[in-house]
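# Observations on the three-dimensional arrangement
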Amino acid sequence: DSEVAKSVAESLRLRPVGTINVLVVEDDEMQRLVLDKLFTAANGKNDGIVTFDVTFAATAAEAVATLEAPKCVQFSIILLDMMLPDLNGYDLLPKIRALVGESVAILVASLHTQIE
């Protein structure tokens, strides 16, 4: 039946999600530039289904200040580098979790490679 097919097609169509606020805690300027380009490209290629609004912090102190700011946005995702200049990510993680609660996804990574 064509009405059933139309109904199924309509239910499968992607609907706009809105804005996803992302905090990137990364000290390496090149990594920040790459991530900024990736999020900008994603914003232009998803037909408005979702928009990423990205905030960058280069240090643990900057990340904490961002999260403690009176007008801090509600972040949905936090990308956390493990190797920061002022505090390692393992020590920063519980501080961030205490500030944002359990509903925020925190992705922990170290993008640094060492060549010997």
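Worth saying up front: this structure is predicted, and the values here are computed from it rather than measured.

### Digging into the side chain of arginine 32
Among the structural elements, arginine 32 can be located in helix H2 (residues 29-44). Despite its burial, arginine 32 remains without a salt bridge, the nearest opposite charge being carried by glutamate 29 at 4.9 Å. In this structure the side chain of arginine 32 is engaged in a polar contact, spanning 2.8 Å, whose partner is the backbone oxygen of aspartate 27. Not counting the four nearest positions on each side in its chain, arginine 32 is found in contact with Glu26, Asp27, Phe56 and Ala58.

### Some thoughts on the packing of helix H3 (residues 60-68) against helix H4 (residues 89-100)
Across the interface, H3 lies against H4 with an axial gap of 10 Å and an inter-helix angle of 5°. The orientation of H3 relative to H4 falls into the category roughly parallel. Facing Ala60, Val64, Leu67 and Glu68 of H3, the residues of H4 in contact are Leu92, Ile96, Leu99 and Val100.

### Side note on the pairing of strand S2 (residues 50-57)
Bridging between strand S1 (residues 18-25) and S2 involves eight bridges; their strand directions are parallel. What sits directly across from valine 22, in S2, is valine 54. This β-α-β element, S1 to H2 to S2, shows right-handed connectivity.

### Things to note about H2
Compared with the 22 Å implied by 1.5 Å per residue over 16 residues, the 23 Å span of H2 between its first and last C-alpha is a close match. Of the residues making up H2, those classed as buried are Arg32, Leu35 and Phe39. One side of H2 carries all its buried residues, which in axial view fall inside an arc of 70°. Facing away from the buried surface of H2 by more than 90 degrees, the exposed residues are Met30, Lys37, Leu38 and Gly44. In the core, the buried residues of H2 are packed alongside S1, S2 and strand S3 (77-81). By the N-cap criterion, in which a side-chain oxygen at the helix start approaches the backbone nitrogen of a residue two or three places on, H2 is capped by aspartate 28, the distance to methionine 30 being 3.0 Å.

### What to know about the sheet that holds strand S4 (residues 105-109)
Sheets are built from strands that pair by backbone hydrogen bonding, the pairs being arranged parallel or antiparallel. Overall, parallel pairing links the four strands, which are arranged S2-S1-S3-S4 in an open sheet. In this open sheet, the two strands that pair with only one neighbour each are S2 and S4. Neighbour-to-neighbour, the strand axes of the sheet open up by a mean angle of 20°, direction not taken into account. Across the sheet, H2 lies against S1, S2 and S3, angled at about 165° from S2, the strand it touches most. Sheet strands in contact with H3 are S1 and S2, and its direction is about 125° off that of S2.

### Describing the confidence of the model for the protein
Counting all residues, the mean pLDDT for the protein is 86, and 83% of those residues have values of 70 or more. Model confidence for the protein, summarised as mean pLDDT per element, is weakest for helix H1 (residues 2-12) at 64 and strongest for H3 at 97.

### Observations concerning the nonpolar core
Within the largest apolar cluster, 17 residues are counted, with the highest numbers of intra-cluster contacts made by Leu23, Val25, Ile78, Leu80, Leu92, Ile96 and Val100. Dropping the residues within four chain positions of it, valine 100 is found in contact with Leu67, Ile78 and Ile106. Ranked by size, the runner-up nonpolar core spans seven residues in total, among them Val22, Val24, Leu35 and Val54.

What counts and what doesn't
Residues numbered from 1 in each chain as written. Predicted model: local features only at pLDDT ≥ 70, side-chain atom pairs only at ≥ 80, totals over all residues. Heavy atoms only, no water. Helix = DSSP H or I, 4+ residues; strand = E, 2+ residues; numbered from the N terminus. Buried < 20%, exposed > 50% of the residue type's maximum accessible area, 1.4 Å probe, protein only. Lys, Arg positive; Asp, Glu negative; His and termini not counted. Salt bridge = Lys/Arg side-chain N within 4 Å of Asp/Glu carboxyl O. Polar contact = N/O pair within 3.5 Å; in protein donor to acceptor, adjacent residues only side chain to side chain. Contact = heavy atoms within 4.5 Å. Axes fitted to C-alpha atoms, helices over the stretch in contact; angles between N-to-C directions. Parallel < 35°, antiparallel > 145°, perpendicular 65-115°, else oblique. Pairing = 2+ DSSP bridges. Right-handed = clockwise from strand over helix to strand, strands pointing away. Expected span 1.5 Å × (residues − 1). Arc of directions from axis to C-beta. pLDDT = per-residue confidence, 0-100. Core = buried A, V, L, I, M, F, W, Y, C linked by side-chain atoms within 4.5 Å.

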